[in-house]
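Examining the three-dimensional arrangement
Spelled out from the first residue to the last, the chains are:
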Amino acid sequence: MTKKEIVKFIDHTLLKPEGTILDIKRLCDEAIKYGFFAVCVAPVYVSYVKEILNGYDIKIATVVGFPLGNSTIKTKIFEAKEAIKNGADEIDMVINIGYLKSKNYKYIYDEINTIKNEIGDKILKVIIETSLLNIEEKIIASTIVKAAGADFVKTSTGFSQGGATKEDVELIRKVVGENFGVKASGGIRTFEQAVELIKSGANRIGTSSSVKIVEENGNS
């Protein structure tokens, strides 16, 4: 896989709480320089990023219910709608993981479906936090995400016990089928990792190590 190919899989991400305005500006400048598919930032920075990226073919993603997922559905709806009003193209939402593990599957379906209906044609990626789930729960969560009308299953927040693995991506891809989004995120720091995850079934990569990943690859 070449540099030109891999950049179009990458959501160039900065979600660490200590990130400054200068860090956000640098993130956007890097996205412009390398041609990353999207930038992913905290909601408070969406309008600022929109100004910087105006005129560029780079999507703006932000997070909802992040990183714990246990906000109310109404709170998540408000977050999502405000983010889109401020210029977001894509929403990365964390499910209520405790409710999933409590087998309250209707709640999980309803929160995903309601938010997707509220944001319409904007992309909804649903974070299931794979490191906290057993295999059965990963299968159930991925099935619900697809059934509820979202656009992607996303592996991780990057703020929990672990990130994306080849095995999890392969499992999710098997569950959701070929024509559905799978975003691998969390702990992706090398070109080799990113390529392995793409080959395993991911069609989007979320990482804060995007520049390092691209620069590792000698191919143009």
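Data block above holds the structure.
Here is what the cut-offs are and how they apply
Residues numbered from 1 in each chain as written. Predicted model: local features only at pLDDT ≥ 70, side-chain atom pairs only at ≥ 80, totals over all residues. Heavy atoms only, no water. Pairing = 2+ DSSP bridges. Helix = DSSP H or I, 4+ residues; strand = E, 2+ residues; numbered from the N terminus. Axes fitted to C-alpha atoms, helices over the stretch in contact; angles between N-to-C directions. Contact = heavy atoms within 4.5 Å. Salt bridge = Lys/Arg side-chain N within 4 Å of Asp/Glu carboxyl O. Buried < 20%, exposed > 50% of the residue type's maximum accessible area, 1.4 Å probe, protein only. Parallel < 35°, antiparallel > 145°, perpendicular 65-115°, else oblique. Left-handed = near helix turned anticlockwise from the far one by under 90°. Nonpolar A, V, L, I, M, F, W, Y, C, P; charged D, E, K, R; others polar. Phe/Tyr/Trp six-rings, centres within 6.5 Å; stacked < 30°, edge-to-face > 60°. Polar contact = N/O pair within 3.5 Å; in protein donor to acceptor, adjacent residues only side chain to side chain.

Remarks on the sheet that holds strand β8 (residues 204–207)
The strand order around the closed barrel formed by eight strands is β1-β2-β3-β4-β5-β6-β7-β8, and the pairing between neighbours is parallel. The mean inter-strand angle of the sheet, taken between neighbouring strand axes irrespective of direction, is 25°. Here strand β1 (residues 10–14) pairs with strand β2 (residues 38–41) via four bridges, running parallel. Each bridged residue has a counterpart across the sheet, and for L14 the counterpart in β2 is V41. Sheet strands in contact with helix α2 (residues 21–34) are β1 and β2, and its direction is about 165° off that of β1.

Section: the pattern of salt bridges
Counted according to the given criterion, the structure contains 17 salt bridges. Note that R204 and E90 form a salt bridge whose closest N and O atoms lie 2.9 Å from each other. Note that R204 is positioned in strand β8 and E90 in strand β4 (residues 90–94), a separation of 114 residues in sequence. Given the relative accessible area of 5%, R204 is considered buried. Take E90: its relative accessible area is 2%, and that puts it in the buried class. With a closest N to O distance of 2.8 Å, D151 and K116 form a salt bridge. Residue D151 is found in the loop between α7 (135–147) and β6 (152–154), and its partner K116 is found in helix α6 (residues 105–119); the two are separated by 35 residues along the sequence. Overall, the relative accessible area of 22% leaves D151 in the partly exposed class. The exposure class of K116 is buried, given its relative accessible area of 12%. Shared partners join several salt bridges into a network, and the residues in it are D11, E90, D92, K125, K154, K183 and R204.

Structural notes on the environment of K103
Along the chain, K103 turns up in the loop between α5 (97–101) and α6. For K103, a relative accessible area of 54% gives the class exposed. Along the chain, K103 and G19 lie 84 residues apart, while their C-alpha atoms are 36 Å from each other.

So, the packing of α6 against α7
Viewed as axis vectors pointing N to C, α6 and α7 meet at an angle of 40°, and their least axial separation amounts to 9 Å. Looking at the two axes, α6 sits oblique to α7. Of the two possible hands of crossing, α6 and α7 adopt the one that is right-handed. The segment α6 lies against α7, with Y105, I108, Y109 and I112 engaging I140, I144, V145 and A147. Tallied by class, residues from the contact of α6 with α7 come to eight nonpolar, no polar and no charged.

Describing the packing of aromatic side chains
The tally for this structure, following the rule as stated, stands at three aromatic pairs. Seen in terms of ring centroids, Y34 and F36 are 5.6 Å apart; in terms of plane orientation they differ by 25°. Their pairing is stacked. An angle of 85° between the planes, with centres 4.4 Å apart, marks the rings of Y99 and Y107 as edge-to-face.

Some details on the side chain of T13
One can find T13 in strand β1. A relative accessible area of 13% means that T13 is categorised as buried. A distance of 2.8 Å separates a polar side-chain atom of T13 from the backbone oxygen of D11. Ignoring any residue separated from it by four or fewer positions in sequence, one finds T13 in contact with L27, C40, G206, T207, S208 and S210.

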